[in-house]
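For reference, the chains in residue letters:
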Amino acid sequence: MIDSISFFFTTKKQDVESMVNLFSFIKDYLVDQEDGIRQLITWFLNLVMEEEALLQSSAQRYERTDSRKASRNGYKSRTLLTKYGELELLKPQFREFPFETQIFEKYSRVEKSILATVAESYLQGVSTRWVEKVTIALGVEGISASSVSRITKELDEKVEEFISKPIEHEIPYLFVDATYLKVRDRLHYENKALFVVAGIRDDSLREILGVRLADSEDSLFWQDLFEDLKERGLRGVKLVVSDGHKGIQKAVRESFIGSSWQMCHVHLIRQVLKKVPKKKHKEVSEKIKEALVDRQKLQDLIRELDNMGYKSAADTLEHFQYNVMNYMQFPQNHWRRIRTTNIMERTNKEIKRRSKVVGAFPNKESVLRLVVSILIDINEEWITGNRYIVMEQ
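Residues numbered from 1 in each chain as written. Predicted model: local features only at pLDDT ≥ 70, side-chain atom pairs only at ≥ 80, totals over all residues. Heavy atoms only, no water.

Bringing the pattern of salt bridges into the picture now. For the structure on display, the rule yields 17 salt bridges. Measuring nitrogen to oxygen at the nearest pair gives 3.3 Å for the salt bridge that ties Arg72 to Glu50. Placement of Arg72 in strand E1 (residues 72-82) and of Glu50 in helix H3 (residues 33-57) is noted, with a sequence separation of 22 residues between them. Note that Glu345 is salt-bridged to Lys349, the shortest N-O span being 3.5 Å. Placement of the pair is Glu345 and Lys349 together in helix H14 (residues 345-358), with a separation of four residues, close to one helical turn. (Salt bridge = Lys/Arg side-chain N within 4 Å of Asp/Glu carboxyl O. Helix = DSSP H or I, 4+ residues; strand = E, 2+ residues; numbered from the N terminus.)

The next thing to look at is the sheet that holds strand E6 (residues 239-242). The mixed open sheet is built from five strands, whose spatial order is E5-E4-E3-E6-E7. With one partner strand each, in any of the chains shown, strand E5 (206-214) and strand E7 (260-263) form the two edges of the open sheet. With strand direction ignored, the average angle separating the axes of adjacent strands in the sheet is 25°. Two elements, strand E3 (residues 173-185) and strand E4 (residues 188-200), share 13 bridges in a ladder whose sense is antiparallel. By the bridge assignment, Val183 is partnered in E4 with Glu190. Sheet strands in contact with helix H7 (residues 219-231) are E3, E4 and E5, and its direction is about 140° off that of E5. (Pairing = 2+ DSSP bridges. Axes fitted to C-alpha atoms, helices over the stretch in contact; angles between N-to-C directions. Contact = heavy atoms within 4.5 Å.)

This is how it looks when you write it as structure tokens:
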């Protein structure tokens with residue numbers, strides 16, 4: 001751990017400069033909190049790297065000493081994505097050897113996975129100009145064949161380790177959600193469904209349990225996915241929450257005997273609204289939300305939609321009517337968390353945001369390298385974070 005005294009009070013001059021900067025950032029924070037916090041974090045992380053540079057070189061900047069191990073060679077600009085936005089950091093450089101910092105370690109897996117995907121795209125004939133543009137955006141100046149091979153091997157090992165890790169806790173609530181990515185299949189690109197499986201554990205924490213890219217969504221796909229999870233230790237499932245994917249209801253009945261399947265309310269409302277005029281979206285949406293807590297109200301709404309001429313919307317509600325209130329058999333303080341797949345919302349957004357850099361993936365393997373790299377970081381936050389719900393003892 002860096003000594004706080006040496007960190008902030010290295011020299012009198014640096015002490016004064018640091019305090020002036022700190023007061024300036026605090027004033028900015030009071031004026032514009034969002035921008036102020038970004039500046040404050042940027043200032044702090046740059047200070048951390050300065051201290052790392054001091055420890056690695058064994059000397060202050062411009063200090064003349066026999067103990068010096070390296071000479072400073074300016075800075076290299078480096079961006080870091082955080083929950084507060086993109087930060088522009090100044091990474092110190094040495095003449096004799098590369099400067100090393102722990103600040104970017106958490107993000108290295110994702111960067112490596114994007115780098116490997118870009119390299120594979122290049123090898124499969126994607127525009128060289130496009131590849132150069134993306135690598136520059138990532139701050140990478142050159143990619144050798146040996147580097148790509150090494151990075152790919154390392155990522156594949158991480159993928160295998162993550163998707164085969166034992167499931168140690170009972171999982172009463174299981175969630176499945178999909179996001180769609182463009183993946184190359186022989187000579188053309190297809191939108192393929194990437195399914196991420198997560199659960200709420202018996203200790204009230206969330207955990208990401210699995211990920212799979214689907215060629216099809218029939219019941220055999222789901223049975224194979226669920227059996228794989230069970231072989232890794234999945235047990236105690238009482239409720240499975242998902243969109244109305246084809247075949248999933250049958251697979252839940254056969255794989256988790258005695259459990260229930262819950263149609264995600266958010267996905268159900270989206271499906272129904274696709275079948276009514278846009279000007280009616282707000283009205284119909286509110287009526288569905290009111291009806292999803294009472295079976296009689298739901299029956300009345302189905303008839304009302306049919307009478308309004310929205311037969312297809314009425315048919316959708318009727319099709320899922322027996323699977324929209326299964327969450328109500330569980331403790332009421334859990335309802336808000338288990339009637340939708342909102343638990344996965346941030347995960348899917350992060351996958352979409354990161355995959356935009358790539359655009360289209362050259363193969364299935366490259367999808368998993370990137371996605372699993374993201375899921376590892378999110379999962380670490382989940383299993384070390386706060387309780388998601390309160391389980392009754």
